[in-house]
Amino acid sequence: QVVLVESGGGLVQTGDSLRLSCAASGLPFSSYAMGWFRQAPGKEREFVTAITRRGEVTYYADSVKGRFTISRDTAKNTVYLQMNSLQPEDTAVYYCAATFSVNQYRVASQYDYWGQGTQVTVSS
């Protein structure tokens, strides 16, 4: 059984930082690219960032480029999302996901497994 568990969300102020973690189990972690998506109330789920299987390439939405950093630790079967300079518009539930696909990392439907999400709230 594949399980992805996010942690690290919370309530912060504008300009603060948070680091989200996603621990994966039940799958060959190094065979899956990993992504982060987010969904704000009343909005569709949107792509945030993704990292390839070996971590050599990363992808970012324009809205987070330069502020967010994705990384992965194969030894710990964990993917991280470092979020700096947080803004109120970053408020959302953040989901990590795993995909066996080798392309279309920005497309949610390409992901095979999803976590339950962790809430990030940024106050102004």
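Look up: the structure comes first, before these words.
Residues numbered from 1 in each chain as written. Predicted model: local features only at pLDDT ≥ 70, side-chain atom pairs only at ≥ 80, totals over all residues. Heavy atoms only, no water.

1. What about the overall build of the protein?
- Broken down by element type, the protein carries zero helices and 11 strands.
- Taking 2.2 N^0.38 as the reference for a compact globule, 124 residues should give roughly 14 Å; the C-alpha atoms of the protein span a radius of gyration of 13 Å, in line with that estimate.
- Oriented by its inertia axes, the alpha-carbon framework of the protein measures out at about 40 × 25 × 25 Å.
- Evaluated residue by residue, the protein yields a buried proportion of 44% over its 124 residues.
- Contacts in the protein between residues far apart in sequence, at least 24 positions, make up 59% of those at least 6 positions apart.
- Counting every atom, the protein has about 6200 Å² of accessible surface; 47% of that belongs to carbon and sulfur.
- Charge-centre separation for the protein: the mean point of 11 positive side chains lies 5 Å from the mean point of 10 negative side chains. (Helix = DSSP H or I, 4+ residues; strand = E, 2+ residues; numbered from the N terminus. Rg over C-alpha atoms; globule rule 2.2 N^0.38 Å. Buried < 20%, exposed > 50% of the residue type's maximum accessible area, 1.4 Å probe, protein only. Contact = heavy atoms within 4.5 Å. Areas by Shrake-Rupley, 256 points an atom, 1.4 Å probe, with all protein chains shown as cover. Lys, Arg positive; Asp, Glu negative; His and termini not counted. Charge placed at Lys NZ, Arg CZ, Asp CG, Glu CD.)

2. So, the nonpolar core
- With 36 residues, the main nonpolar core has Met34, Trp36, Phe68, Leu81, Met83 and Tyr94 as its most contacted residues.
- Mapped by element, the contributors of at least two residues to this core are β3 (18-25), β4 (33-39), β5 (46-51), β7 (68-73), β8 (78-83), β9 (92-99) and β11 (118-123).
- Among the elements that take part in this core, β9 stands out by supplying five residues, more than any other. (Core = buried A, V, L, I, M, F, W, Y, C linked by side-chain atoms within 4.5 Å.)

3. Looking at the side chain of Ser101
- When you line up the elements, Ser101 lands in the loop between β9 and β10 (113-114).
- Given the relative accessible area of 15%, Ser101 is considered buried.

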